[in-house]
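# Structural overview
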Amino acid sequence: MVNAFEGLIDRFLGASAEFERKLRAVRPEQWSRPTPCTEWNVRQLVNHMTRGNLNYVSLLHGGTAADFLRLRDADALGTDPSGAYARSVRECARAFGETGARQRILDYPLGPVTGQQALAVRIADSTVHTWDLARAVHLDDTLDRSLVAWIDEHLDEIYAGLAETPTAVETTHRFFAAPEGALARHASPQTRLLHRMGRTPARGD
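Residues numbered from 1 in each chain as written. Predicted model: local features only at pLDDT ≥ 70, side-chain atom pairs only at ≥ 80, totals over all residues. Heavy atoms only, no water.

### Looking at the environment of Tyr-85
Take Tyr-85: it is sitting in helix 4 (residues 81-96). Linking Tyr-85 and Val-46, residues 39 residues apart in sequence, is a C-alpha distance of 7.6 Å. Not counting residues up to four positions away in its chain, the partners in contact with Tyr-85 are Ser-16, Phe-19, Glu-20, Leu-23, Met-49, Thr-50 and Asn-53. In this structure the side chain of Tyr-85 is engaged in a polar contact, spanning 3.5 Å, whose partner is the backbone oxygen of Ser-16. (Helix = DSSP H or I, 4+ residues; strand = E, 2+ residues; numbered from the N terminus. Contact = heavy atoms within 4.5 Å. Polar contact = N/O pair within 3.5 Å; in protein donor to acceptor, adjacent residues only side chain to side chain.)

### Observations regarding the nonpolar core
Formed by 57 residues in total, the largest nonpolar core has its most connected members in Val-42, Val-46, Tyr-56, Tyr-108, Ile-123, Leu-133 and Tyr-159. Those elements giving two or more residues to this core turn out to be helix 1 (8-23), helix 2 (42-60), helix 4, helix 5 (115-136), helix 6 (145-158) and helix 7 (189-196). Considering each element in turn, this core owes the most residues, ten residues, to helix 5. (Core = buried A, V, L, I, M, F, W, Y, C linked by side-chain atoms within 4.5 Å. Buried < 20%, exposed > 50% of the residue type's maximum accessible area, 1.4 Å probe, protein only.)

### Examining the environment of Leu-8
Tracing the chain through its elements places Leu-8 in helix 1. Of the residues examined, Leu-8 reaches a relative accessible area of 1% and is grouped as buried. Along the primary structure Leu-8 and Ala-93 are separated by 85 residues, whereas in three dimensions their C-alpha atoms are 9.6 Å apart.

### Points about the packing of aromatic side chains
Each aromatic ring pair is characterised by the separation of its centres together with the angle its planes make. Applying the stated criterion across every chain, the model contains four aromatic pairs. Judged by centre distance (4.9 Å) and plane angle (50°), the rings of Phe-19 and Tyr-85 are tilted. Residue Phe-19 is located in helix 1, and its partner Tyr-85 is located in helix 4; the two are separated by 66 residues in the primary sequence. Of the two residues examined, Phe-19 and Tyr-85, each falls in the buried class. Considering the side-chain rings of Tyr-56 and Tyr-108, the 5.9 Å spacing of their centres and the 55° angle between planes classify their relative orientation as tilted. (Phe/Tyr/Trp six-rings, centres within 6.5 Å; stacked < 30°, edge-to-face > 60°.)

### What to know about the packing of helix 1 against helix 4
At a minimum axis separation of 11 Å, helix 1 and helix 4 run at an interaxial angle of 180°. Accordingly, the angle class assigned to the pair helix 1 and helix 4 is roughly antiparallel. Where helix 1 approaches helix 4, its residues Ile-9, Phe-12, Leu-13, Ser-16, Phe-19, Glu-20 and Leu-23 are matched on the opposing element by Pro-81, Ser-82, Tyr-85, Ala-86, Val-89, Cys-92, Ala-93 and Phe-96. Taken together, the residues of the contact of helix 1 with helix 4 break down into twelve nonpolar, two polar and one charged. (Axes fitted to C-alpha atoms, helices over the stretch in contact; angles between N-to-C directions. Parallel < 35°, antiparallel > 145°, perpendicular 65-115°, else oblique. Nonpolar A, V, L, I, M, F, W, Y, C, P; charged D, E, K, R; others polar.)

### Points about the pattern of salt bridges
Scanning all chains against the criterion turns up twelve salt bridges. Close ionic contact of Arg-70 with Asp-67 constitutes a salt bridge, the shortest N to O distance being 3.3 Å. Linking Arg-70 with Asp-67, this pair stays in helix 3 (residues 65-70), spanning three residues, or about one helical turn. Its salt-bridge partner being Asp-152, residue Arg-192 comes within 2.8 Å of it at the nearest N-O pair. A residue pair is termed long-range when its members are at least 10 positions apart, and Arg-192 in helix 7 and Asp-152 in helix 6 qualify at 40 residues. Classification of Asp-152 as buried rests on a relative accessible area of 18%. It is possible to trace a salt-bridge network through shared partners that takes in Asp-152, Arg-192 and Arg-196. (Salt bridge = Lys/Arg side-chain N within 4 Å of Asp/Glu carboxyl O.)

### Observations regarding the packing of helix 1 against helix 5
The interhelical angle for the contact between helix 1 and helix 5, taken along N-to-C directions, is 20°, at an axis separation of 9 Å. Here helix 1 lies roughly parallel to helix 5, going by the angle between them. For the element pair helix 1 and helix 5, the recorded crossing hand is left-handed. Listed contacts from helix 5 to Leu-8, Ile-9, Arg-11, Phe-12, Ala-15, Glu-18, Phe-19, Lys-22 and Leu-23 of helix 1 are Gln-116, Leu-119, Ala-120, Arg-122, Ile-123, Ser-126, Thr-127, His-129, Thr-130, Leu-133 and Ala-134. (Left-handed = near helix turned anticlockwise from the far one by under 90°.)

Right under this line is the structure:
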């Protein structure tokens, strides 16, 4: 039986590296551009990713769901968004690499989860937001195929037991956007994943 949660830190670092590559290509005039996440511009999306990494570290060290939500939009970028994001990735990977970290029960906003499930959710989030950033600043939006395949294959396990998931028929859509329209029969794995995550790739993707 395949363990969906094997090699999580390597997957997290890979997903984060993909996001960072897009981030380092953002031009100064693009920070205020809208993204597919309608509530965020580019800077807000990058802050969400950076602050998210730091909030996961906090959860591992005893932080609460209330703290996570309170700090969700607090600025974590300062004057060096790329550097702040890269530092948050290193800090997050280091925290999840601590002895016993992936077996801890975390007070996650969508319900208690193990550290390893929380990291799996973080990987999926990072991968999809890489597409969001690429679309916002007109970069190649092709996602890493191995990450897409892993998320697509294990989506139910990644979000198992959470109060809201992108796989639930009925959900609040507070944390996950609702899929729109019908999916083409022969859609690619990337398009299928993006659709499940509430994204609408351009026709022909």
